[in-house]
Amino acid sequence: MAKNNEFLWRRLHSLLGIIPVGLFLTQHLIVNHFATRGEQAFNDAAHFMESLPFRYALEIFVIFLPLMFHAFYGIYIAFTAKNNTNRFSTFRNWLFVAQRITGIFLVVFIAWHVYETRWQVAIGADTADFNMMADILANPWMFGFYVAGVVAATFHFANGIWSFLVSWGITQSAASQRLATYATLGIFVALTVVGIRALLAFV
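Residues numbered from 1 in each chain as written. Predicted model: local features only at pLDDT ≥ 70, side-chain atom pairs only at ≥ 80, totals over all residues. Heavy atoms only, no water.

1. Quick look at the side chain of Thr154
When you line up the elements, Thr154 lands in helix α7 (residues 140–167). The exposure class assigned to Thr154 is buried, which follows from its relative accessible area of 1%. From its side chain, Thr154 meets the backbone oxygen of Val151 in a polar contact 3.1 Å long. Not counting the four nearest positions on each side in its chain, Thr154 is found in contact with Leu25, Leu29, Phe188, Leu191 and Thr192. (Helix = DSSP H or I, 4+ residues; strand = E, 2+ residues; numbered from the N terminus. Buried < 20%, exposed > 50% of the residue type's maximum accessible area, 1.4 Å probe, protein only. Polar contact = N/O pair within 3.5 Å; in protein donor to acceptor, adjacent residues only side chain to side chain. Contact = heavy atoms within 4.5 Å.)

2. A look at the nonpolar core
By size, the foremost hydrophobic cluster in this structure holds 30 residues, and its most contacted members are Ile136, Leu137, Tyr146 and Phe202. Counting residues per element, the ones that place at least two in this core are α2 (21–33), α3 (39–50), α5 (90–122), α6 (130–137), α7 and α8 (174–201). When residues of this core are assigned to their parent elements, the largest contribution, 11 residues, is made by α7. Look past the residues within four positions of Leu137 in its chain and what remains in contact with it is Met142, Phe143, Tyr146, Leu199, Phe202 and Val203. (Core = buried A, V, L, I, M, F, W, Y, C linked by side-chain atoms within 4.5 Å.)

3. Focus: unusual backbone geometry
That bond from Ile19 to Pro20 is cis: its omega, 15°, falls within 30 degrees of zero. Here Pro20 is to be found in the loop between α1 (2–18) and α2. Positive phi outside glycine occurs at Phe54, with the angle close to 55°. Relative to the helices and strands, Phe54 is located in the loop between α3 and α4 (55–80). Classification of Phe54 as exposed rests on a relative accessible area of 71%.

4. Quick look at α5
Over its 33 residues, α5 runs 46 Å from end to end, which matches the ideal 48 Å to within 8%, given 1.5 Å per residue. For α5, the principal kink sits at Tyr115 and spans about 40°. Along α5, the positions that sit buried rather than exposed are Arg92, Asn93, Leu95, Phe96, Gln99, Thr102, Gly103, Leu106, Phe109, His113, Glu116 and Thr117. In this structure, the buried side of α5 is in contact with α2, α6, α7 and α8. (Expected span 1.5 Å × (residues − 1). Bend = angle between axes of the 7 residues up to and from the residue.)

5. Regarding the packing of aromatic side chains
Overall, the coordinates contain 14 aromatic pairs when judged by the stated rule. Measuring from ring centre to ring centre gives 5.1 Å for Phe109 and Tyr146, while their planes differ by 75°; the resulting arrangement is edge-to-face. With Phe109 in helix α5 and Tyr146 in helix α7, this residue pair connects regions lying 37 residues apart in the sequence. Residues Phe109 and Tyr146 agree in their burial class; the two are buried. Centroid distance Phe145 to Tyr146: 6.3 Å. Interplanar angle 85°. Geometry classified as edge-to-face. Through successive ring pairs, a cluster of aromatic residues spans Trp9, Phe69, Tyr73 and Tyr76. Positioned above the aromatic ring of Trp168, the side-chain terminus of Arg11 is 4.8 Å from the ring centre. Sitting over the face of the ring of Phe96, Arg100 holds its NZ or CZ atom 4.1 Å from the ring centroid. (Phe/Tyr/Trp six-rings, centres within 6.5 Å; stacked < 30°, edge-to-face > 60°. Lys NZ or Arg CZ within 6 Å of the ring centre and 35° of its normal.)

6. Focus on α8
The end-to-end C-alpha distance of α8 is 41 Å, a good match for the 40 Å that 28 residues give at a rise of 1.5 Å each. Every buried residue of α8 is listed here: Gln177, Ala180, Thr184, Leu191, Thr192, Gly195, Ala198 and Leu199. Where α8 is buried, its residues meet α2, α6 and α7.

7. Remarks on the pattern of salt bridges
Tallying each qualifying case throughout the model produces three salt bridges. Glu6 serves as the salt-bridge partner of Arg10, at 3.2 Å between the closest nitrogen and oxygen. You can see Arg10 and its partner Glu6 sitting in helix α1, four residues apart, about one turn around the helix. For Glu59, the salt bridge goes to Arg55, with nearest N and O atoms at 3.2 Å. With Glu59 and Arg55 both in helix α4 and four residues apart, this pair spans about one turn of that helix. Through salt bridges that share partners, Arg55, Glu59 and Arg118 make up one connected network. (Salt bridge = Lys/Arg side-chain N within 4 Å of Asp/Glu carboxyl O.)

See the structure below:
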């Protein structure tokens, strides 16, 4: 029974990493990318997201609760999982380890990002706008931290898609897993370019 429960929890963890957490990451990067069009374009895009109906309910039940479950159960997995040396190649096992490392780093990064943006608005800042991000990223160390955060997030999401496809039985053959590797590599590169370009637009 315990093994069955863990299997179901891991399936849920994998699913939430793609839907809704991964979709939210993609949307967040796209909104940030409006900064490449200028300050007003970014502020308009951010304001549109803030004006969505039922915003707080969406944030709690579609973003924060799934994200918290994925993060904390992911930490449990990171400290209890063993490499699949008999099932996957050395390359895949390195990605397996990188998935765990980036997951732990992202818990720290996301908590800090929320503190610097949403929490500052909650305690009195006017709004999380272009100028707020520009001020944060004006610090070279903080810019480097955000670059690392974007790369970690896009890798974790893209590699998580590969793991999701395997764990849910969608890609079982070696050929399908190889094709999924190429597809998820493309997703990683595309989202990383979008994220880094957005960061550069703020500095």
